[in-house]
Amino acid sequence: MLDSISNILYSQQTFFKSQKTKPIADRLVYLKALKEVVLSKEQAVYDALYKDFKKSEFESFISEFGLVLSQLNLVIKNLEKWAKPERIKSSLLTFPSKDFIYKEPYGNVLVISPWNYPFLLALEPLIIAIAAGNTVILKPSELTKHTSQLLTNIVKAVFPENYVASIQGDVQVATELLSKKWDYIFFTGSVSVGKIIAEAAAKHLTPVTLELGGKSPCIIDDTANLKLAAKRIVWGKFFNGGQTCIAPDYIIIKHALKQEFITLLKAEITQFYGKNPEESKDFPRIINTKNTSRLANMLKDCHVVFGGTIDEKTNYIAPTLIDEPALDSEVMQDEIFGPILPILTYETENDLDRIISSFEKPLALYAFSNDKKFIDHILSTYSFGGGVVNDVLIHFGNHRLPFGGVGPSGMGAYHGKYGFDTFSHHKAVIKRGNWLDPSLRYAPYNQKVTIIKKIFKYFG
Ligand code: NAD
(Lines give C-alpha, C1' and ligand atoms only; values in the text may rest on other atoms or scores of the structure.)
Protein backbone atom coordinates (compact mmCIF):
# COMPACT_ATOMS: atom_id res chain seq x y z
CA MET A 1 0.00 0.00 0.00
CA LEU A 2 2.74 2.46 0.97
CA ASP A 3 4.39 1.98 -2.45
CA SER A 4 1.17 2.61 -4.25
CA ILE A 5 0.46 5.88 -2.39
CA SER A 6 3.29 7.56 -4.31
CA ASN A 7 2.06 6.05 -7.59
CA ILE A 8 -1.54 7.11 -7.07
CA LEU A 9 -0.55 10.62 -6.04
CA TYR A 10 1.78 10.91 -9.03
CA SER A 11 -1.02 9.81 -11.36
CA GLN A 12 -3.35 12.38 -9.78
CA GLN A 13 -0.76 15.12 -10.16
CA THR A 14 -0.42 14.25 -13.84
CA PHE A 15 -4.19 14.13 -14.27
CA PHE A 16 -4.63 17.54 -12.64
CA LYS A 17 -1.93 19.05 -14.83
CA SER A 18 -3.77 17.73 -17.90
CA GLN A 19 -6.59 20.23 -17.04
CA LYS A 20 -9.15 17.42 -17.19
CA THR A 21 -10.68 18.20 -13.78
CA LYS A 22 -11.58 21.71 -14.85
CA PRO A 23 -14.52 21.66 -17.31
CA ILE A 24 -17.69 22.17 -15.28
CA ALA A 25 -19.64 19.81 -17.53
CA ASP A 26 -17.21 16.97 -16.74
CA ARG A 27 -17.34 17.66 -13.00
CA LEU A 28 -21.13 17.46 -13.21
CA VAL A 29 -20.99 14.12 -15.04
CA TYR A 30 -18.96 12.65 -12.17
CA LEU A 31 -21.09 14.22 -9.44
CA LYS A 32 -24.26 12.85 -11.05
CA ALA A 33 -22.65 9.42 -11.40
CA LEU A 34 -21.67 9.59 -7.74
CA LYS A 35 -25.26 10.43 -6.83
CA GLU A 36 -26.53 7.42 -8.77
CA VAL A 37 -24.11 5.05 -7.06
CA VAL A 38 -24.82 6.53 -3.60
CA LEU A 39 -28.56 6.12 -4.19
CA SER A 40 -28.06 2.51 -5.23
CA LYS A 41 -26.15 1.83 -1.98
CA GLU A 42 -28.69 3.26 0.47
CA GLN A 43 -29.40 -0.03 2.26
CA ALA A 44 -25.70 -0.93 2.22
CA VAL A 45 -24.94 2.36 4.01
CA TYR A 46 -27.42 1.57 6.80
CA ASP A 47 -26.10 -1.99 7.09
CA ALA A 48 -22.49 -0.84 7.30
CA LEU A 49 -23.23 1.79 9.94
CA TYR A 50 -25.23 -0.71 11.96
CA LYS A 51 -22.39 -3.24 11.81
CA ASP A 52 -19.86 -0.59 12.80
CA PHE A 53 -21.64 0.75 15.88
CA LYS A 54 -25.30 -0.23 15.87
CA LYS A 55 -26.39 3.09 14.45
CA SER A 56 -30.13 3.10 13.70
CA GLU A 57 -31.49 3.59 10.19
CA PHE A 58 -33.23 6.81 11.28
CA GLU A 59 -30.05 8.42 12.61
CA SER A 60 -28.05 7.04 9.66
CA PHE A 61 -30.47 8.69 7.27
CA ILE A 62 -30.82 12.11 8.87
CA SER A 63 -27.20 12.54 9.89
CA GLU A 64 -25.35 10.77 7.04
CA PHE A 65 -27.14 9.45 3.97
CA GLY A 66 -29.72 12.26 3.74
CA LEU A 67 -27.09 14.98 4.24
CA VAL A 68 -24.78 13.49 1.59
CA LEU A 69 -27.69 13.37 -0.82
CA SER A 70 -28.75 16.95 -0.13
CA GLN A 71 -25.12 18.08 -0.50
CA LEU A 72 -24.93 16.36 -3.89
CA ASN A 73 -28.23 17.93 -5.00
CA LEU A 74 -27.13 21.37 -3.83
CA VAL A 75 -23.75 21.15 -5.54
CA ILE A 76 -25.18 19.79 -8.79
CA LYS A 77 -27.77 22.57 -8.85
CA ASN A 78 -25.40 25.45 -8.05
CA LEU A 79 -22.03 24.42 -9.43
CA GLU A 80 -22.15 26.50 -12.62
CA LYS A 81 -23.13 29.60 -10.64
CA TRP A 82 -20.49 29.08 -7.94
CA ALA A 83 -17.69 28.35 -10.41
CA LYS A 84 -18.28 31.39 -12.64
CA PRO A 85 -15.73 34.18 -12.36
CA GLU A 86 -17.32 36.69 -10.00
CA ARG A 87 -17.50 40.24 -11.31
CA ILE A 88 -16.35 42.74 -8.68
CA LYS A 89 -16.88 46.50 -8.65
CA SER A 90 -13.83 48.26 -10.11
CA SER A 91 -11.82 50.85 -8.25
CA LEU A 92 -11.29 54.39 -9.47
CA LEU A 93 -7.57 53.70 -9.13
CA THR A 94 -7.71 50.91 -11.73
CA PHE A 95 -10.17 52.65 -14.09
CA PRO A 96 -10.84 51.67 -16.85
CA SER A 97 -11.05 48.00 -15.88
CA LYS A 98 -13.23 44.96 -15.33
CA ASP A 99 -12.37 43.20 -12.06
CA PHE A 100 -13.01 39.55 -11.24
CA ILE A 101 -12.47 36.74 -8.75
CA TYR A 102 -11.68 33.46 -10.52
CA LYS A 103 -12.38 30.26 -8.55
CA GLU A 104 -9.38 28.09 -9.23
CA PRO A 105 -8.98 24.52 -7.93
CA TYR A 106 -5.99 24.05 -5.63
CA GLY A 107 -4.98 20.77 -7.28
CA ASN A 108 -4.32 17.56 -5.36
CA VAL A 109 -6.36 17.35 -2.16
CA LEU A 110 -6.00 14.98 0.79
CA VAL A 111 -9.13 14.33 2.88
CA ILE A 112 -8.68 12.52 6.21
CA SER A 113 -11.94 11.66 7.94
CA PRO A 114 -13.03 10.40 11.39
CA TRP A 115 -15.23 7.50 12.49
CA ASN A 116 -18.13 9.21 14.21
CA TYR A 117 -20.10 10.17 11.08
CA PRO A 118 -17.96 8.04 8.80
CA PHE A 119 -20.09 8.22 5.65
CA LEU A 120 -20.96 11.93 5.81
CA LEU A 121 -17.61 13.29 6.94
CA ALA A 122 -15.74 11.40 4.21
CA LEU A 123 -18.11 12.12 1.33
CA GLU A 124 -19.10 15.72 2.01
CA PRO A 125 -15.57 17.16 1.69
CA LEU A 126 -14.86 14.79 -1.20
CA ILE A 127 -17.95 16.00 -3.11
CA ILE A 128 -17.11 19.67 -2.65
CA ALA A 129 -13.43 19.18 -3.47
CA ILE A 130 -14.37 17.49 -6.75
CA ALA A 131 -16.98 20.15 -7.48
CA ALA A 132 -14.26 22.76 -7.09
CA GLY A 133 -12.11 20.95 -9.68
CA ASN A 134 -9.56 19.15 -7.52
CA THR A 135 -8.40 15.53 -7.40
CA VAL A 136 -8.87 13.72 -4.08
CA ILE A 137 -7.26 11.00 -2.05
CA LEU A 138 -9.57 10.07 0.81
CA LYS A 139 -8.30 8.30 3.94
CA PRO A 140 -11.41 7.13 5.80
CA SER A 141 -11.28 6.02 9.43
CA GLU A 142 -9.86 2.60 10.25
CA LEU A 143 -12.33 2.26 13.13
CA THR A 144 -15.43 1.89 10.94
CA LYS A 145 -14.29 -1.03 8.76
CA HIS A 146 -17.63 -1.69 7.06
CA THR A 147 -18.39 1.92 6.17
CA SER A 148 -14.82 2.59 5.04
CA GLN A 149 -14.90 -0.45 2.75
CA LEU A 150 -18.23 0.72 1.33
CA LEU A 151 -16.79 4.20 0.74
CA THR A 152 -13.85 2.67 -1.09
CA ASN A 153 -16.22 0.60 -3.26
CA ILE A 154 -18.32 3.67 -4.08
CA VAL A 155 -15.28 5.75 -5.00
CA LYS A 156 -13.95 2.91 -7.18
CA ALA A 157 -17.28 2.52 -8.95
CA VAL A 158 -17.40 6.19 -9.95
CA PHE A 159 -13.90 7.57 -10.39
CA PRO A 160 -10.69 6.46 -12.06
CA GLU A 161 -7.90 6.20 -9.49
CA ASN A 162 -5.94 9.07 -11.05
CA TYR A 163 -8.90 11.37 -10.21
CA VAL A 164 -10.29 10.15 -6.87
CA ALA A 165 -9.04 7.28 -4.71
CA SER A 166 -9.91 5.97 -1.28
CA ILE A 167 -6.94 4.57 0.60
CA GLN A 168 -7.83 2.71 3.77
CA GLY A 169 -5.48 2.34 6.69
CA ASP A 170 -4.48 3.47 10.14
CA VAL A 171 -1.95 5.93 11.52
CA GLN A 172 0.86 4.38 9.48
CA VAL A 173 -0.95 5.03 6.19
CA ALA A 174 -2.06 8.50 7.36
CA THR A 175 1.53 9.34 8.27
CA GLU A 176 2.77 8.18 4.87
CA LEU A 177 0.10 10.29 3.14
CA LEU A 178 1.07 13.31 5.23
CA SER A 179 4.71 12.97 4.22
CA LYS A 180 3.72 13.87 0.64
CA LYS A 181 3.25 17.32 -0.83
CA TRP A 182 -0.42 18.28 -1.19
CA ASP A 183 -2.09 21.38 -2.54
CA TYR A 184 -4.78 21.25 0.16
CA ILE A 185 -5.45 19.09 3.23
CA PHE A 186 -8.92 18.77 4.73
CA PHE A 187 -8.92 17.05 8.12
CA THR A 188 -11.77 16.16 10.45
CA GLY A 189 -10.83 14.62 13.78
CA SER A 190 -9.31 15.25 17.18
CA VAL A 191 -7.39 18.31 18.33
CA SER A 192 -4.25 16.27 19.01
CA VAL A 193 -4.13 14.76 15.50
CA GLY A 194 -5.11 18.17 14.08
CA LYS A 195 -1.80 19.51 15.40
CA ILE A 196 0.09 16.69 13.62
CA ILE A 197 -1.73 17.56 10.39
CA ALA A 198 -0.94 21.27 10.73
CA GLU A 199 2.72 20.50 11.36
CA ALA A 200 2.99 18.22 8.31
CA ALA A 201 1.19 20.77 6.13
CA ALA A 202 3.46 23.57 7.32
CA LYS A 203 6.50 21.80 5.84
CA HIS A 204 5.12 22.47 2.35
CA LEU A 205 3.10 25.58 3.25
CA THR A 206 0.01 23.59 2.31
CA PRO A 207 -3.28 25.27 3.26
CA VAL A 208 -5.46 23.25 5.63
CA THR A 209 -8.97 23.08 6.97
CA LEU A 210 -9.07 21.53 10.42
CA GLU A 211 -12.50 20.45 11.65
CA LEU A 212 -11.77 19.56 15.28
CA GLY A 213 -13.63 19.29 18.57
CA GLY A 214 -13.72 20.71 22.08
CA LYS A 215 -15.93 21.11 25.12
CA SER A 216 -19.14 22.73 23.91
CA PRO A 217 -21.16 24.31 26.75
CA CYS A 218 -24.91 24.38 27.03
CA ILE A 219 -26.10 27.29 29.16
CA ILE A 220 -29.58 27.44 30.71
CA ASP A 221 -30.86 30.53 32.52
CA ASP A 222 -33.97 30.97 34.63
CA THR A 223 -36.12 32.29 31.76
CA ALA A 224 -35.70 29.13 29.65
CA ASN A 225 -38.51 26.72 28.80
CA LEU A 226 -37.06 23.88 30.87
CA LYS A 227 -39.21 21.04 29.58
CA LEU A 228 -38.49 21.81 25.94
CA ALA A 229 -34.80 22.42 26.74
CA ALA A 230 -34.57 18.99 28.40
CA LYS A 231 -36.12 17.26 25.39
CA ARG A 232 -33.88 19.02 22.87
CA ILE A 233 -30.73 18.50 24.91
CA VAL A 234 -31.40 14.78 25.43
CA TRP A 235 -31.91 14.46 21.65
CA GLY A 236 -28.69 16.30 20.77
CA LYS A 237 -26.53 14.82 23.51
CA PHE A 238 -27.43 11.16 23.05
CA PHE A 239 -27.82 11.20 19.26
CA ASN A 240 -25.12 8.93 17.77
CA GLY A 241 -24.43 7.73 21.32
CA GLY A 242 -23.04 11.14 22.26
CA GLN A 243 -20.28 10.74 19.68
CA THR A 244 -20.91 14.05 17.93
CA CYS A 245 -18.32 16.82 17.65
CA ILE A 246 -20.98 19.49 18.34
CA ALA A 247 -22.87 17.57 21.04
CA PRO A 248 -23.45 19.62 24.20
CA ASP A 249 -20.47 18.54 26.29
CA TYR A 250 -21.78 19.85 29.62
CA ILE A 251 -24.69 21.86 31.01
CA ILE A 252 -24.40 24.99 33.13
CA ILE A 253 -27.73 25.84 34.72
CA LYS A 254 -28.91 28.37 37.32
CA HIS A 255 -28.38 26.60 40.65
CA ALA A 256 -32.00 26.78 41.84
CA LEU A 257 -33.22 24.96 38.69
CA LYS A 258 -30.81 22.03 38.81
CA GLN A 259 -32.94 19.42 40.58
CA GLU A 260 -36.03 20.16 38.51
CA PHE A 261 -33.95 19.98 35.33
CA ILE A 262 -32.33 16.65 36.27
CA THR A 263 -35.83 15.23 36.83
CA LEU A 264 -36.88 16.47 33.38
CA LEU A 265 -33.74 15.04 31.73
CA LYS A 266 -34.34 11.62 33.35
CA ALA A 267 -37.95 11.60 32.11
CA GLU A 268 -36.89 12.47 28.55
CA ILE A 269 -34.14 9.83 28.46
CA THR A 270 -36.65 7.20 29.58
CA GLN A 271 -39.19 8.47 27.07
CA PHE A 272 -36.61 8.24 24.23
CA TYR A 273 -34.87 4.95 25.03
CA GLY A 274 -37.11 3.15 27.53
CA LYS A 275 -36.21 1.92 31.02
CA ASN A 276 -33.26 -0.04 29.65
CA PRO A 277 -31.55 1.83 26.80
CA GLU A 278 -29.37 -1.24 26.17
CA GLU A 279 -32.45 -2.84 24.62
CA SER A 280 -33.39 0.20 22.54
CA LYS A 281 -32.89 -0.18 18.78
CA ASP A 282 -32.29 3.56 18.61
CA PHE A 283 -29.32 3.88 20.95
CA PRO A 284 -25.90 3.22 19.34
CA ARG A 285 -22.78 1.72 20.89
CA ILE A 286 -19.40 3.27 21.61
CA ILE A 287 -17.12 2.78 18.62
CA ASN A 288 -14.53 0.49 20.30
CA THR A 289 -13.21 -0.82 23.60
CA LYS A 290 -10.53 1.86 23.81
CA ASN A 291 -13.15 4.60 23.81
CA THR A 292 -15.44 2.64 26.14
CA SER A 293 -12.60 2.34 28.70
CA ARG A 294 -11.74 6.01 28.25
CA LEU A 295 -15.36 6.95 29.07
CA ALA A 296 -15.61 4.41 31.91
CA ASN A 297 -12.53 6.02 33.44
CA MET A 298 -14.20 9.43 33.33
CA LEU A 299 -17.07 8.07 35.42
CA LYS A 300 -14.89 6.67 38.19
CA ASP A 301 -15.00 9.51 40.70
CA CYS A 302 -18.24 11.12 39.55
CA HIS A 303 -21.56 11.53 41.31
CA VAL A 304 -23.76 9.65 38.84
CA VAL A 305 -27.43 10.64 39.25
CA PHE A 306 -28.78 8.62 36.31
CA GLY A 307 -27.52 5.79 34.10
CA GLY A 308 -23.88 4.84 34.62
CA THR A 309 -24.26 1.23 33.41
CA ILE A 310 -21.29 0.06 31.38
CA ASP A 311 -20.72 -3.17 29.48
CA GLU A 312 -17.17 -3.08 28.16
CA LYS A 313 -17.73 -6.33 26.23
CA THR A 314 -20.44 -4.83 24.03
CA ASN A 315 -19.19 -1.23 24.19
CA TYR A 316 -22.40 -0.12 25.85
CA ILE A 317 -22.58 2.93 28.05
CA ALA A 318 -26.02 4.04 29.23
CA PRO A 319 -27.12 7.67 28.85
CA THR A 320 -25.59 9.06 32.03
CA LEU A 321 -26.08 12.24 34.06
CA ILE A 322 -23.41 13.53 36.43
CA ASP A 323 -24.07 16.02 39.20
CA GLU A 324 -21.57 18.89 39.57
CA PRO A 325 -18.17 17.34 38.79
CA ALA A 326 -15.19 19.49 39.80
CA LEU A 327 -13.63 21.47 36.96
CA ASP A 328 -10.37 19.57 37.45
CA SER A 329 -12.03 16.11 37.41
CA GLU A 330 -11.32 13.69 34.55
CA VAL A 331 -14.70 14.23 32.90
CA MET A 332 -14.13 18.00 32.68
CA GLN A 333 -10.59 17.77 31.33
CA ASP A 334 -11.22 16.70 27.74
CA GLU A 335 -14.04 16.58 25.23
CA ILE A 336 -16.33 13.76 26.49
CA PHE A 337 -17.46 12.38 23.11
CA GLY A 338 -19.84 9.84 24.61
CA PRO A 339 -23.23 9.57 26.35
CA ILE A 340 -22.16 11.27 29.60
CA LEU A 341 -23.66 14.63 30.53
CA PRO A 342 -22.24 16.63 33.44
CA ILE A 343 -24.51 19.26 35.00
CA LEU A 344 -22.75 22.26 36.51
CA THR A 345 -24.43 25.26 38.14
CA TYR A 346 -23.98 29.02 38.37
CA GLU A 347 -25.43 31.89 40.38
CA THR A 348 -23.92 34.96 38.78
CA GLU A 349 -22.56 35.85 35.36
CA ASN A 350 -19.12 35.78 36.97
CA ASP A 351 -19.56 32.09 37.84
CA LEU A 352 -20.66 31.41 34.29
CA ASP A 353 -17.67 33.23 32.91
CA ARG A 354 -15.27 31.40 35.24
CA ILE A 355 -16.53 28.02 33.96
CA ILE A 356 -16.71 28.81 30.24
CA SER A 357 -13.41 30.67 30.23
CA SER A 358 -11.60 27.76 31.84
CA PHE A 359 -11.88 25.93 28.49
CA GLU A 360 -10.55 26.68 25.02
CA LYS A 361 -12.85 28.23 22.40
CA PRO A 362 -15.43 25.50 21.74
CA LEU A 363 -16.73 24.16 18.42
CA ALA A 364 -20.32 24.91 19.52
CA LEU A 365 -22.17 26.83 22.21
CA TYR A 366 -25.84 26.53 23.12
CA ALA A 367 -27.89 28.97 25.21
CA PHE A 368 -31.41 28.25 26.41
CA SER A 369 -33.08 31.49 27.49
CA ASN A 370 -35.93 33.84 26.70
CA ASP A 371 -34.02 36.87 27.95
CA LYS A 372 -32.80 38.83 24.92
CA LYS A 373 -30.22 40.76 26.96
CA PHE A 374 -28.75 37.55 28.37
CA ILE A 375 -28.62 35.93 24.92
CA ASP A 376 -26.93 39.01 23.40
CA HIS A 377 -24.43 39.01 26.25
CA ILE A 378 -23.54 35.33 25.69
CA LEU A 379 -23.29 35.69 21.91
CA SER A 380 -21.11 38.79 22.07
CA THR A 381 -18.86 37.68 24.94
CA TYR A 382 -17.81 34.17 23.93
CA SER A 383 -15.98 32.99 20.85
CA PHE A 384 -17.12 29.64 19.44
CA GLY A 385 -17.35 27.90 16.07
CA GLY A 386 -21.14 28.09 15.75
CA GLY A 387 -24.17 27.68 17.95
CA VAL A 388 -27.89 27.73 18.54
CA VAL A 389 -30.19 29.64 20.86
CA ASN A 390 -32.90 27.40 22.40
CA ASP A 391 -31.84 24.21 20.61
CA VAL A 392 -28.74 22.14 19.85
CA LEU A 393 -26.91 20.74 16.76
CA ILE A 394 -29.28 22.17 14.16
CA HIS A 395 -26.85 24.83 12.82
CA PHE A 396 -25.03 21.91 11.15
CA GLY A 397 -28.10 21.33 8.97
CA ASN A 398 -28.31 24.71 7.22
CA HIS A 399 -25.91 24.64 4.27
CA ARG A 400 -26.23 28.42 3.97
CA LEU A 401 -24.27 28.74 7.22
CA PRO A 402 -20.51 28.12 7.36
CA PHE A 403 -19.54 25.19 9.60
CA GLY A 404 -16.19 25.17 11.37
CA GLY A 405 -14.32 25.86 14.59
CA VAL A 406 -12.24 28.70 15.93
CA GLY A 407 -8.91 28.53 17.76
CA PRO A 408 -8.28 24.99 19.03
CA SER A 409 -11.71 23.79 17.80
CA GLY A 410 -10.57 24.23 14.22
CA MET A 411 -9.74 26.54 11.36
CA GLY A 412 -11.58 27.14 8.12
CA ALA A 413 -15.18 26.23 7.36
CA TYR A 414 -17.31 24.39 4.83
CA HIS A 415 -20.85 23.36 3.81
CA GLY A 416 -22.50 24.43 0.58
CA LYS A 417 -20.95 27.46 -1.10
CA TYR A 418 -18.55 27.92 1.84
CA GLY A 419 -17.18 24.48 1.02
CA PHE A 420 -16.77 25.34 -2.63
CA ASP A 421 -14.87 28.48 -1.63
CA THR A 422 -12.75 26.48 0.83
CA PHE A 423 -11.53 24.18 -1.94
CA SER A 424 -10.94 27.03 -4.41
CA HIS A 425 -8.15 29.55 -4.58
CA HIS A 426 -9.70 32.97 -5.14
CA LYS A 427 -7.64 34.42 -7.94
CA ALA A 428 -7.97 38.20 -8.32
CA VAL A 429 -7.88 39.30 -11.96
CA ILE A 430 -8.21 42.75 -13.49
CA LYS A 431 -8.88 43.08 -17.20
CA ARG A 432 -7.60 46.51 -18.13
CA GLY A 433 -9.08 48.64 -20.85
CA ASN A 434 -6.72 50.18 -23.39
CA TRP A 435 -8.79 53.11 -24.47
CA LEU A 436 -7.64 55.45 -21.71
CA ASP A 437 -4.15 55.72 -20.21
CA PRO A 438 -3.78 58.76 -17.97
CA SER A 439 -0.15 59.76 -17.54
CA LEU A 440 -0.59 60.39 -13.82
CA ARG A 441 1.29 57.29 -12.59
CA TYR A 442 4.24 57.61 -14.94
CA ALA A 443 7.51 59.47 -14.30
CA PRO A 444 8.55 62.21 -14.46
CA TYR A 445 6.31 62.74 -11.42
CA ASN A 446 6.88 66.50 -11.02
CA GLN A 447 3.80 68.00 -9.34
CA LYS A 448 1.65 64.87 -9.86
CA VAL A 449 2.03 63.94 -6.19
CA THR A 450 -0.41 66.70 -5.16
CA ILE A 451 -3.10 65.34 -7.51
CA ILE A 452 -2.49 61.69 -6.59
CA LYS A 453 -2.77 62.50 -2.86
CA LYS A 454 -6.13 64.21 -3.48
CA ILE A 455 -7.41 61.21 -5.43
CA PHE A 456 -6.39 58.80 -2.64
CA LYS A 457 -7.86 61.06 0.03
CA TYR A 458 -11.27 61.45 -1.57
CA PHE A 459 -11.75 58.39 -3.77
CA GLY A 460 -9.13 55.78 -2.79
P1 NAD B 1 -8.83 11.04 15.24
O2 NAD B 1 -8.16 12.37 15.24
O3 NAD B 1 -8.33 10.01 16.16
O4 NAD B 1 -8.80 10.38 13.79
C5 NAD B 1 -9.24 11.08 12.64
C6 NAD B 1 -8.49 10.56 11.42
O7 NAD B 1 -7.10 10.85 11.61
C8 NAD B 1 -8.62 9.06 11.18
O9 NAD B 1 -8.76 8.83 9.79
C10 NAD B 1 -7.28 8.52 11.68
O11 NAD B 1 -6.85 7.37 10.99
C12 NAD B 1 -6.34 9.66 11.40
N13 NAD B 1 -5.20 9.68 12.32
C14 NAD B 1 -5.15 9.19 13.58
N15 NAD B 1 -3.93 9.40 14.12
C16 NAD B 1 -3.20 10.04 13.18
C17 NAD B 1 -1.87 10.52 13.12
N18 NAD B 1 -1.03 10.39 14.16
N19 NAD B 1 -1.45 11.13 12.00
C20 NAD B 1 -2.28 11.28 10.95
N21 NAD B 1 -3.57 10.85 10.94
C22 NAD B 1 -4.01 10.23 12.04
O23 NAD B 1 -10.37 11.38 15.49
P24 NAD B 1 -11.55 10.37 15.64
O25 NAD B 1 -11.38 9.65 16.94
O26 NAD B 1 -11.75 9.58 14.41
O27 NAD B 1 -12.79 11.38 15.75
C28 NAD B 1 -13.14 12.00 16.95
C29 NAD B 1 -12.70 13.43 17.01
O30 NAD B 1 -13.08 14.11 15.83
C31 NAD B 1 -13.38 14.20 18.13
O32 NAD B 1 -12.43 15.00 18.77
C33 NAD B 1 -14.41 15.05 17.42
O34 NAD B 1 -14.77 16.23 18.10
C35 NAD B 1 -13.75 15.33 16.13
N36 NAD B 1 -14.72 15.60 15.09
C37 NAD B 1 -14.83 16.87 14.61
C38 NAD B 1 -15.79 17.15 13.65
C39 NAD B 1 -15.97 18.54 13.08
O40 NAD B 1 -16.67 18.65 12.08
N41 NAD B 1 -15.37 19.55 13.67
C42 NAD B 1 -16.62 16.13 13.17
C43 NAD B 1 -16.46 14.86 13.70
C44 NAD B 1 -15.50 14.59 14.65
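Thresholds applied
Residues numbered from 1 in each chain as written. Predicted model: local features only at pLDDT ≥ 70, side-chain atom pairs only at ≥ 80, totals over all residues. Heavy atoms only, no water. Domains from an automatic or database assignment. Contact = heavy atoms within 4.5 Å. Buried area = accessible area lost by both parts, 1.4 Å probe. Salt bridge = Lys/Arg side-chain N within 4 Å of Asp/Glu carboxyl O. Polar contact = N/O pair within 3.5 Å; in protein donor to acceptor, adjacent residues only side chain to side chain. Helix = DSSP H or I, 4+ residues; strand = E, 2+ residues; numbered from the N terminus. Nonpolar A, V, L, I, M, F, W, Y, C, P; charged D, E, K, R; others polar. Axes fitted to C-alpha atoms, helices over the stretch in contact; angles between N-to-C directions. Parallel < 35°, antiparallel > 145°, perpendicular 65-115°, else oblique. Left-handed = near helix turned anticlockwise from the far one by under 90°.

Structural notes on the domain arrangement of the protein
Next, step 1: Here the domain parsing of the protein yields domain 1 (2-212 + 410-426) and domain 2 (217-404).
Next, step 2: Put simply, the middle of domain 1 and the middle of domain 2, counted by C-alpha atoms, are 30 Å apart.
Next, step 3: Between domain 1 and domain 2, the contact holds 24 residues from the first and 22 residues from the second.
Next, step 4: Contact with domain 2 buries surface across domain 1, with Glu 59, Trp 115 and His 415 losing the most and accounting together for 26% of the total.
Next, step 5: Linking domain 1 with domain 2 are zero salt bridges, by the criterion used here.
Next, step 6: Put simply, domain 1 and domain 2 have eight residue pairs in polar contact (both at pLDDT 80 or more) between them.
Next, step 7: Among the elements that take part in the side of domain 1 that touches domain 2, helix H4 (residues 57-83) stands out by supplying five residues, more than any other.
Next, step 8: Grouping the amino acids of the side of domain 1 that touches domain 2 by side-chain chemistry returns 12 nonpolar, seven polar and five charged.

Here's the deal with the packing of helix H9 (residues 226-238) against helix H10 (residues 258-273)
Next, step 1: The N-to-C vectors of H9 and H10 enclose an angle of 55°; their axes lie 9 Å apart at closest approach. Looking at the two axes, H9 sits oblique to H10. As H9 runs across H10, the sense of the crossing is right-handed. Contacts between H9 and H10 pair Leu 226, Lys 227, Ala 229, Ala 230, Lys 231, Ile 233, Val 234, Trp 235 and Phe 238 from the former with Glu 260, Phe 261, Leu 264, Leu 265, Glu 268, Ile 269, Phe 272 and Tyr 273 from the latter.
Next, step 2: When grouped by side-chain class, the residues that make up the contact of H9 with H10 number 13 nonpolar, no polar and four charged.

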